[in-house]
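Listed here are the chains, written in short residue letters.
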Amino acid sequence: MVLRRIHTNGVELNVAVEGEGPVLVLLHGFPHTWQVWEPIVPALAAHRRVVAPDLRGLGASARPESGYAAADVANDVAGLLDALGIAEADVAAIDLGVPPAFLLAAGHPGRVRRLVLMEALVGTLPGAEDFLRHGPPWWFGFHSVPGLAESVLLGHEAEYLDFFLHAGTAGDGVTPRFRDAVHEAYKGRAAMKAAFEHYRALPESARQIEEAVRRRRLSVPTLTIGAAPVGDATCRQVELVGDEVRNVRLEGCGHIIPQHRPEELLAVLRDFL
């Protein structure tokens, strides 16, 4: 992968680029960097131009004080495409990357050929009631309190991050290379604060998504991929507002799909894209 620094929408992003051909943009989540996609990039880049940015505030991208709602991140991606001279692309996203990917496709359908959404809720759209039967995951509230999580976790970032990496692969663990990258990317108060700002912006992101679906239906062909714990909730949300939605459930797969079941994910992506 070639790493580039690209200014877009008032923020400097760290962007990994590899391959030639039709463009596929990959958007990661928490606690990830663009490297969450490394197990599948070589195969994808054999026939495509893969563009994998670190989201604003995360990885090696800049950490602005504001702009963490989904629409801002979607505009980052639109600006990234402009900077690279890309008119249209397929977009695949996981976890925190899903709401901005959804808004990019909903707001700029001419720029997104196909959309893949994995393991995340799309704002507060109906359809996720079963998943939320016992309330949202505990860390959503913990991360959302201004100033709390980054203060409590300072000096214990690695232990906290390992909880998500372990749980997200159903106890199998991630590659040592990815684990090291995550530990480095999220080390220190400033890095953790920037990560949690994405959670603190979730209510505004949900409002933006509701406004977007009131304006128009999602017309872009969309694939939802569920594993554990989100499962089919993403599909149930999107199929209510989308014109062409398919769903795949990866049984026995943890939340961090590209690290836990890369070959299965590749097969699904190749079929859809």
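Residues numbered from 1 in each chain as written. Predicted model: local features only at pLDDT ≥ 70, side-chain atom pairs only at ≥ 80, totals over all residues. Heavy atoms only, no water.

Draft legend 1. Structural context of the side chain of His255. Relative to the assigned elements, His255 resides in the loop between strand E8 (245–249) and helix H11 (257–260). By relative accessible area, His255 is classed as buried at 14%. Separated by 2.8 Å, the side chains of His255 and Asp95 make a polar contact. The residues contacting His255, other than those within four sequence positions of it, are Ile94, Asp95, Glu119, Gly168, Ala228 and Pro229. (Helix = DSSP H or I, 4+ residues; strand = E, 2+ residues; numbered from the N terminus. Buried < 20%, exposed > 50% of the residue type's maximum accessible area, 1.4 Å probe, protein only. Polar contact = N/O pair within 3.5 Å; in protein donor to acceptor, adjacent residues only side chain to side chain. Contact = heavy atoms within 4.5 Å.)

Draft legend 2. The sheet that holds strand E6 (residues 112–118), seen in detail. Read from one edge to the other, the open sheet built from eight strands follows the order E1-E2-E4-E3-E5-E6-E7-E8, with strand pairing classed as mixed. The sheet is open, and its two edges are formed by strand E1 (2–8) and E8, each paired on a single side. The mean inter-strand angle of the sheet, taken between neighbouring strand axes irrespective of direction, is 20 degrees. Relative to strand E4 (residues 49–53), strand E3 (residues 23–27) runs parallel, the two sharing three bridges. The residue of E4 that forms the bridge with Leu24 is Val50. (Pairing = 2+ DSSP bridges. Axes fitted to C-alpha atoms, helices over the stretch in contact; angles between N-to-C directions.)

Draft legend 3. Just the pairing of strand E2 (residues 11–18), in detail. Burial analysis of E2 places six of its eight residues in the buried class, the great majority of the element. Pairing between E1 and E2: seven bridges, direction antiparallel. What sits directly across from Val2, in E2, is Val17. The loop that links E1 with its antiparallel partner E2 comprises two residues; one of these, Asn9, has a positive phi angle of about 50 degrees. Where E2 meets E4, four bridges bridge the pair, whose relative direction is antiparallel. Looking at the pairing, Val15 lines up with Pro53 of E4.

Draft legend 4. Spatial organisation of the nonpolar core. Ranked by internal contacts, the top residues of the largest apolar core, which has 89 residues, are Trp37, Phe102 and Ile225. When neighbours within four sequence positions are excluded, Ile225 is seen to be in contact with Val116, Leu117, Met118, Glu119, Asn247, Val248, Leu250, Ile257, Leu265, Val268 and Leu269. (Core = buried A, V, L, I, M, F, W, Y, C linked by side-chain atoms within 4.5 Å.)

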